[in-house]
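# Fold and contact review
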Amino acid sequence: MTTTPAQIRVRGQPRSRRTELGGERAGALLVRVTAPPVDGKANEALCRLIAQRAGVPPRAVTVVRGHTARDKVVRVEGIETAALHQALGLKREP
């Protein structure tokens, strides 16, 4: 049985001191990465961090909207939405 890919709203913050999850702000996951927003490096770092926390391979995490913006929508394959929210420390959707 295959799972429907989970999607979450993310607010990216490139060039931070540390790569970390910064909690939830306005319904979006705040992700801080040390990588600069050049040549997709910040998006790659963001996807790697989410994959690590969700326990999925990095190739299972993709930015589907907002590639060049701070506000993004990220798709995560291979994990249920509720499990993803729990792994990332997000509140459950209503």
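The rules behind the values
- Residues numbered from 1 in each chain as written.
- Predicted model: local features only at pLDDT ≥ 70, side-chain atom pairs only at ≥ 80, totals over all residues.
- Heavy atoms only, no water.
- Pairing = 2+ DSSP bridges.
- Helix = DSSP H or I, 4+ residues; strand = E, 2+ residues; numbered from the N terminus.
- Axes fitted to C-alpha atoms, helices over the stretch in contact; angles between N-to-C directions.
- Contact = heavy atoms within 4.5 Å.
- Buried < 20%, exposed > 50% of the residue type's maximum accessible area, 1.4 Å probe, protein only.
- 1 Å grid on protein atoms, 1.4 Å probe; cavity = no way out; pocket = protein on both sides within 12 Å on 5 of 7 lines; lining within 4 Å.
- Points joined across faces, edges and corners; volume = space filled by probe spheres on them.
- Salt bridge = Lys/Arg side-chain N within 4 Å of Asp/Glu carboxyl O.
- Parallel < 35°, antiparallel > 145°, perpendicular 65-115°, else oblique.
- Nonpolar A, V, L, I, M, F, W, Y, C, P; charged D, E, K, R; others polar.

### Let's talk about the sheet that holds strand 1 (residues 6–13)
An order of 2-3-1-5-4 is seen for the five strands of this open sheet, with the pairing classed as mixed. Looking at the sheet topology across the chains shown, the edges are occupied by strand 2 (20–25) and strand 4 (61–65). Across the sheet, the axes of successive neighbouring strands diverge by a mean angle of 40 degrees, strand direction being ignored. In this structure, strand 1 lies alongside strand 5 (residues 71–76), joined through six bridges in antiparallel fashion. Within strand 5, the position partnered with Arg11 by the bridge is Asp71. Running at roughly 125 degrees to strand 4, helix 1 (residues 41–54) makes contact with strand 1, strand 2, strand 3 (28–32), strand 4 and strand 5 of the sheet. On top of the sheet, helix 2 (residues 81–88) reaches strand 1, strand 2, strand 3 and strand 5; it is set at about 30 degrees to strand 1, its chief contact.

### Some details on the pairing of strand 1
Residues of strand 1 alternate between two faces, with Ala6, Ile8, Val10 and Gly12 buried on one and Gln7, Arg9, Arg11 and Gln13 left unburied on the opposite face. As judged from the four bridges shared by strand 1 and strand 3, these two strands associate in the parallel manner. Paired with Gln13 across the bridge in strand 3 is Arg32.

### What to know about the layout of surface pockets
There is about 200 Å³ of room inside the largest pocket. The element contributing the most residues to the lining of the largest pocket is helix 1, with three residues.

### Section: the pattern of salt bridges
Applying the stated criterion to the full structure yields three salt bridges. With its nearest N and O atoms 3.1 Å apart, the salt bridge here joins Arg11 to Asp71. One end of the pair, Arg11, is in strand 1; the other, Asp71, is in strand 5, with 60 residues separating them in the sequence. Among the residues examined, Arg11 registers a relative accessible area of 35% and is labelled partly exposed. In this structure Asp71 comes out as partly exposed when scored by relative accessible area, which is 47%. Linking Glu20 and Arg32 is a salt bridge whose minimum nitrogen-to-oxygen distance equals 3.2 Å. With a gap of twelve residues between them, Glu20 in strand 2 and Arg32 in strand 3 connect regions that are remote in the sequence. Within the structure, one salt-bridge network assembled from shared partners comprises Arg18, Glu20 and Arg32.

### A closer look at the packing of helix 1 against helix 2
Look at helix 1 against helix 2: their axes get within 9 Å of each other, and the N-to-C directions meet at 105 degrees. The angle between helix 1 and helix 2 falls in the class roughly perpendicular. Residues Ile50, Arg53 and Ala54 of helix 1 form the contact with helix 2, whose participating residues are Leu84, Ala87 and Leu88. Of the residues belonging to the contact of helix 1 with helix 2, the class tally is five nonpolar, no polar and one charged.

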